[in-house]
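# Structural description and commentary
Take a look at the letters that make up each chain.
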Amino acid sequence: MVERWRKETNCFNFREGECTITLKDIAILTDLPIDGDVVCVDSMPPPKVVANMSGYQHFIWTVTGLCPPEKGDHDADGHPPLSKGQVSITWLAAEIRRKHNPEFGGIPLTEESSERDKDIYARIYVLGMIGGVFFPKKSNNLINNSWLKIILGSWDDMGNLSWASACLAHLFRSLCNASARAVKEIDGAMFIVQFWAWKHLPWIAPKVDPDKEWGPDHPLRHEAYGCR
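Notes on the structure in this doc start here. Bear in mind that the values here come from a model prediction, so they are computed numbers and not experimental data. (Residues numbered from 1 in each chain as written. Predicted model: local features only at pLDDT ≥ 70, side-chain atom pairs only at ≥ 80, totals over all residues. Heavy atoms only, no water.)

## What to know about unusual backbone geometry
Formally: In this text, helices come from DSSP runs of H or I with a minimum length of four residues, and strands from runs of E with a minimum of two, each type numbered from the N-terminal end. Three exposure classes are used, based on accessible area relative to the maximum for each residue type with a 1.4 Å probe and protein chains only: buried under 20%, partly exposed in between, and exposed over 50%.
Positive phi outside glycine occurs at asparagine 10, with the angle close to 55°. Tracing the backbone through its elements, the reader meets asparagine 10 in the loop between strand 1 (5-6) and strand 2 (11-14). Although it is not a glycine, aspartate 31 sits at a positive phi angle of roughly 70°. Residue position: aspartate 31 is located in the loop between helix 1 (23-30) and strand 4 (49-50). Classification of aspartate 31 by relative accessible area gives exposed; the value is 57%.

## Thoughts on the packing of aromatic side chains
Short version of the rule: Pairing of aromatic rings covers Phe, Tyr and the six-membered ring of Trp, with a centre-to-centre limit of 6.5 Å; geometry is then stacked below 30 degrees between planes, edge-to-face above 60, and tilted otherwise.
Per the stated rule, a full pass over the model turns up ten aromatic pairs. When the ring of tryptophan 5 is compared with that of phenylalanine 12, the centres are 4.9 Å apart and the planes differ by 70°; the resulting orientation is edge-to-face. Of the two residues, tryptophan 5 and phenylalanine 12, neither departs from the other in class, the shared state being buried. Relative to tryptophan 198, the ring of phenylalanine 195 has its centre 6.0 Å away and its plane inclined at 40°; by these criteria the two rings are tilted. Taken together, the positions of phenylalanine 195 and tryptophan 198, both in helix 8 (residues 190-200) and three residues apart, correspond to about one turn of that helix. Judged by relative accessible area, phenylalanine 195 falls into the partly exposed class, the value being 22%. The class for tryptophan 198 is partly exposed, based on a relative accessible area of 34%.

## Some thoughts on the side chain of histidine 170
Applied cut-off: Contacts: residue pairs with any heavy atoms within 4.5 Å of one another.
As for its placement among the helices and strands, histidine 170 is situated in helix 7 (residues 163-178). The exposure class assigned to histidine 170 is buried, which follows from its relative accessible area of 13%. Look past the residues within four positions of histidine 170 in its chain and what remains in contact with it is Phe134, Phe135, Pro136 and Gly188.

## Section: helix 4 (residues 115-134)
Short version of the rule: To estimate how far a helix should reach, multiply one less than its number of residues by 1.5 Å.
Between its first and last C-alpha atoms helix 4 spans 27 Å; for 20 residues at 1.5 Å apiece the expected length is 28 Å, and the two agree. Buried residues of helix 4: Ile120, Arg123, Ile124, Leu127, Ile130, Gly131 and Phe134, and no others.

## With respect to the sheet that holds strand 2
Heads up, the condition is: Paired strands are those between which DSSP finds at least two bridges.
Read across the sheet, three strands follow the order 1-2-3 without closing on themselves; strand pairing throughout is antiparallel. In this open sheet, the two edge strands, each paired with only one partner strand, are strand 1 and strand 3 (17-19). Here strand 1 runs beside strand 2; their pairing, made up of two bridges, is antiparallel. Following the sheet pairing, tryptophan 5 is matched in strand 2 by phenylalanine 12.

## Notes on the pairing of strand 2
Consecutive side chains of a regular strand alternate in pointing toward one face of the sheet and then the other. Counting the residues between successive antiparallel strands, the hairpin from strand 1 to strand 2 contains four residues, one of them, asparagine 10, with a positive phi of roughly 55°. Counting the residues in the hairpin turn of strand 2 and strand 3 gives two residues.

## Looking at the pattern of salt bridges
For the record, the criterion: Salt bridge, as applied in this entry: a Lys or Arg side-chain nitrogen positioned within 4 Å of an Asp or Glu carboxyl oxygen.
Under the defined criterion, the tally for this structure stands at three salt bridges. For the salt bridge of lysine 118 with glutamate 111, the shortest nitrogen-to-oxygen distance reads 3.9 Å. In this structure lysine 118 comes out as partly exposed when scored by relative accessible area, which is 24%. One salt bridge in this structure joins glutamate 115 and lysine 118, with 3.7 Å as the shortest N-O distance. With glutamate 115 and lysine 118 both in helix 4 and three residues apart, this pair spans about one turn of that helix. Via salt bridges that share partners, Glu111, Glu115 and Lys118 belong to a single interconnected network.

## Overview of a nonpolar patch on the surface
Condition: To count toward a patch, a residue needs a relative accessible area over 30% and no salt bridge; like charges are then connected within 9 Å, while nonpolar side chains (Val, Leu, Ile, Met, Phe, Trp, Tyr) are connected within 5 Å. The protein chains shown are the only cover counted for residues, whose accessible areas, like all others here, come from Shrake-Rupley with a 1.4 Å probe.
Taken together, the side chains of Trp198, Trp203 and Ile204 make up a nonpolar region of the molecular surface, amounting to roughly 360 Å² of accessible area. Mapping isoleucine 204 onto the fold places it in the loop between helix 8 and helix 9 (210-213). On the accessibility criterion, isoleucine 204 (43% relative accessible area) is partly exposed.

## Observations concerning the nonpolar core
Defined as follows: Note on terminology: a nonpolar core comprises buried Ala, Val, Leu, Ile, Met, Phe, Trp, Tyr and Cys residues joined through side-chain atoms within 4.5 Å.
Phe12, Ile21, Phe135, Trp147, Trp163 and Ile192 are the most contacted members of the largest nonpolar core, which has 45 residues in total. Among the elements of the structure, strand 2, helix 1, helix 2 (55-64), helix 3 (89-100), helix 4, helix 5 (148-151), helix 7 and helix 8 are those that each provide at least two residues to this core. Ranked by the residues each element gives to this core, the list is headed by helix 7, at nine residues. Sequence-distant contacts of tryptophan 147, defined by excluding residues within four places in its chain, comprise Val39, Val41, Leu127, Ile130, Phe135 and Trp163.

As structure tokens, this is what we get:
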């Protein structure tokens with residue numbers, strides 16, 4: 001699919017003609033909202049030192065309640081928790097397990113947990129979805145700290161953003177970058193390309209009986225189409 005991508009037109013070039021992934025495709029496959037304000041990531045660096053922490057450490061602590069060491073420890077994938085303005089998803093997941101998983105001596109998150117703990121858990125989950133699913137980097141592990149300023153906002157502000165258009169723009173840029181001859185890796189939400197291809201190119205799609213697999217009582221019947 002990448003080899004058939006033409007960055008001059010943002011289309012896949014097939015023998016039968018051209019076609020592309022549309023905003024409607026993103027909305028149907030992922031259920032991300034189309035309407036809303038533009039997702040604008042602020043790339044300005046934070047202050048160098050805040051409350052005896054670096055600016056990046058302070059941002060991460062404000063959003064997640066966790067303060068990553070800037071030097072020394074590495075996560076399970078060999079990445080430092082904090083590196084050049086990026087935070088490790090693996091480190092975040094390990095810290096959450098240590099904090100809330102009883103197997104690691106943590107306290108489970110329940111309805112009786114504090115609102116602060118619930119809010120932190122939810123924001124880390126959203127941060128993981130941004131950095132690991134919809135806007136992943138080539139490492140599939142590091143999240144640019146520029147996203148923290150969006151995650152730091154109110155839930156209403158985050159919910160009123162056009163995430164589908166941002167995901168599509170990022171996907172197009174990833175495909176354009178990867179289509180260069182010397183490039184050997186790709187980032188972006190490649191699962192969308194796969195799902196889109198399964199839907200629009202039936203000769204490569206897995207065989208599924210829609211009546212048998214997706215009856216009215218199926219638990220995923222009313223979820224985003226990509227869940228199927």
